[in-house]
Amino acid sequence: MFEPLRSLKYLPWIELLQVSLFTIGVTIAIDVLFLQLAQIPAVYPTIAQLFNSPFGMLIALGAAVGVGALAVAIMERWFRRIVITNSTLWALVPCLALWLWLRSFLTVFPQLLTPVLSFESLVCVILGVFWKGKPYWR
């Protein structure tokens, strides 16, 4: 009997969760560095004006694309045991979504560039994953 979800059992879920956790950790570090940069008195007005302008939404969506692309780049570089296919790229998306959702509960770290989990940011994460993972589609 044909089981369409059978292939889900054979995906490297633990490694994909590790990749996405490492990616979110890197984005937290980037957020902390960006916040430290924003506290410089000469830089703060420029950053505040940029985030309050119409480009603020584009920056947030661009950061979500960057999170997806960063996850694929980390998987290519440090998790070479994972065979990257179309299925693993699709499996990476819910792993990233899980860690982004859990990240939204952390109030200790700033959330300037790390996207808040919403439909728009999830679509942008998918775009980033498949933009960077384009050579692995087939």
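Scoring rules and cut-offs
- Residues numbered from 1 in each chain as written.
- Predicted model: local features only at pLDDT ≥ 70, side-chain atom pairs only at ≥ 80, totals over all residues.
- Heavy atoms only, no water.
- Helix = DSSP H or I, 4+ residues; strand = E, 2+ residues; numbered from the N terminus.
- Buried < 20%, exposed > 50% of the residue type's maximum accessible area, 1.4 Å probe, protein only.
- Contact = heavy atoms within 4.5 Å.
- Areas by Shrake-Rupley, 256 points an atom, 1.4 Å probe, with all protein chains shown as cover.
- Lys, Arg positive; Asp, Glu negative; His and termini not counted.
- Charge placed at Lys NZ, Arg CZ, Asp CG, Glu CD.
- Axes fitted to C-alpha atoms, helices over the stretch in contact; angles between N-to-C directions.
- Parallel < 35°, antiparallel > 145°, perpendicular 65-115°, else oblique.
- Left-handed = near helix turned anticlockwise from the far one by under 90°.
- Polar contact = N/O pair within 3.5 Å; in protein donor to acceptor, adjacent residues only side chain to side chain.
- Expected span 1.5 Å × (residues − 1).
- Patch = residues over 30% accessible without salt bridge, like charges linked within 9 Å, V, L, I, M, F, W, Y side chains within 5 Å.
- Salt bridge = Lys/Arg side-chain N within 4 Å of Asp/Glu carboxyl O.
- pLDDT = per-residue confidence, 0-100.
- Core = buried A, V, L, I, M, F, W, Y, C linked by side-chain atoms within 4.5 Å.

Novice: For this particular structure, what's the right way to read the overall build of the protein?
Specialist: Helices and strands together make up the secondary structure of the protein, namely five helices and zero strands. Each helix and strand of the protein, placed in order from N terminus to C terminus, yields the pattern α-α-α-α-α. Overall size of the protein, expressed as C-alpha extent along the three principal axes, is 65 × 25 × 25 Å. When burial is assessed residue by residue, the protein has 33% of its 138 residues classed as buried. Partitioning the intrachain contacts of the protein with sequence separation of at least 6 by distance along the chain shows that 80% fall at a separation of at least 24. For the protein, the exposed surface amounts to about 8,900 Å²; the carbon and sulfur share of it is 71%. Measuring between centres, the 9 positive side-chain charges of the protein sit 9 Å from its 5 negative side-chain charges.

Novice: Even after reading the chapter, I still don't get the packing of helix H1 (residues 13-38) against helix H4 (residues 86-103), so can you show me in this structure?
Specialist: Two measures define how a pair of helices packs: the angle their axes make with one another and the distance between the axes. Contact geometry of H1 with H4 gives a least axis separation of 9 Å together with a crossing angle of 50°. By the angle between their directions, the pair H1 and H4 is classed as oblique. When you trace H1 past H4, the crossing you get is right-handed. Listed contacts from H4 to Trp13, Leu16, Leu17, Val19, Ser20, Leu21, Thr23, Ile24, Ile28 and Asp31 of H1 are Thr88, Ala91, Leu92, Cys95, Leu96, Leu98, Trp99, Leu100 and Arg103.

Novice: Got a minute to help me understand the side chain of Ser121 in this structure?
Specialist: For Ser121, the location among the structural elements is in helix H5 (residues 119-132). Within the structure, Ser121 has its side chain in polar contact with the backbone nitrogen of Ser118 (distance 2.9 Å). In this structure Ser121 touches Leu61, Ala64, Pro115 and Val116, once residues within four positions along its chain are discounted.

Novice: Help me understand H4, please; the structure alone is not making it clear to me.
Specialist: An α-helical segment advances 3.6 residues per turn. Residues three or four places apart therefore align on the same side. With 18 residues, H4 should cover 26 Å at 1.5 Å per step; its first-to-last C-alpha distance of 26 Å lies within 8% of that length. By the burial criterion, the buried members of H4 are Thr88, Leu89, Ala91, Leu92, Val93, Cys95, Leu96, Ala97, Leu100 and Arg103. Buried residues belonging to H4 abut H1, helix H3 (55-78) and H5.

Novice: Help me understand the environment of Cys95 in this model?
Specialist: With respect to the element layout, Cys95 can be found in helix H4. As a C-alpha pair, Cys95 and Ser118 span 23 residues in sequence and 15 Å in three-dimensional space. Not counting chain neighbours up to four residues away, the residues in contact with Cys95 comprise Trp13, Leu16, Leu17 and Ser20.

Novice: Where do I start with a nonpolar patch on the surface in this structure?
Specialist: Taken together, the side chains of Leu98, Trp101, Leu102, Phe105 and Leu117 define a hydrophobic patch exposed on the protein surface, amounting to about 450 Å² of accessible area. Mapped onto the elements, Leu102 comes out in helix H4. Overall, Leu102 belongs to the partly exposed group, its relative accessible area being 34%.

Novice: Can you help me understand the confidence of the model for the protein in this one?
Specialist: Interpretation of the predicted coordinates at a detailed level should be avoided for regions scoring low in pLDDT. Taken residue by residue, the protein gives an average pLDDT of 87. The fraction at 70 or more is 93%. Model confidence for the protein, summarised as mean pLDDT per element, is weakest for helix H2 (residues 44-52) at 82 and strongest for H5 at 93.

Novice: Just to check I follow, could you spell out the nonpolar core for this structure?
Specialist: The tendency in soluble globular proteins is for nonpolar side chains to be buried as a group. Core analysis: the largest hydrophobic core is formed by 25 residues, its most contacted members being Leu16, Val19, Met75, Leu89, Leu92, Leu96 and Val129. A per-element tally of this core places H4 first, with seven residues. Once residues lying within four places of it in the same chain are set aside, the contact partners of Met75 are Leu16, Val19, Arg80, Ile82, Ile84, Leu89 and Leu92.

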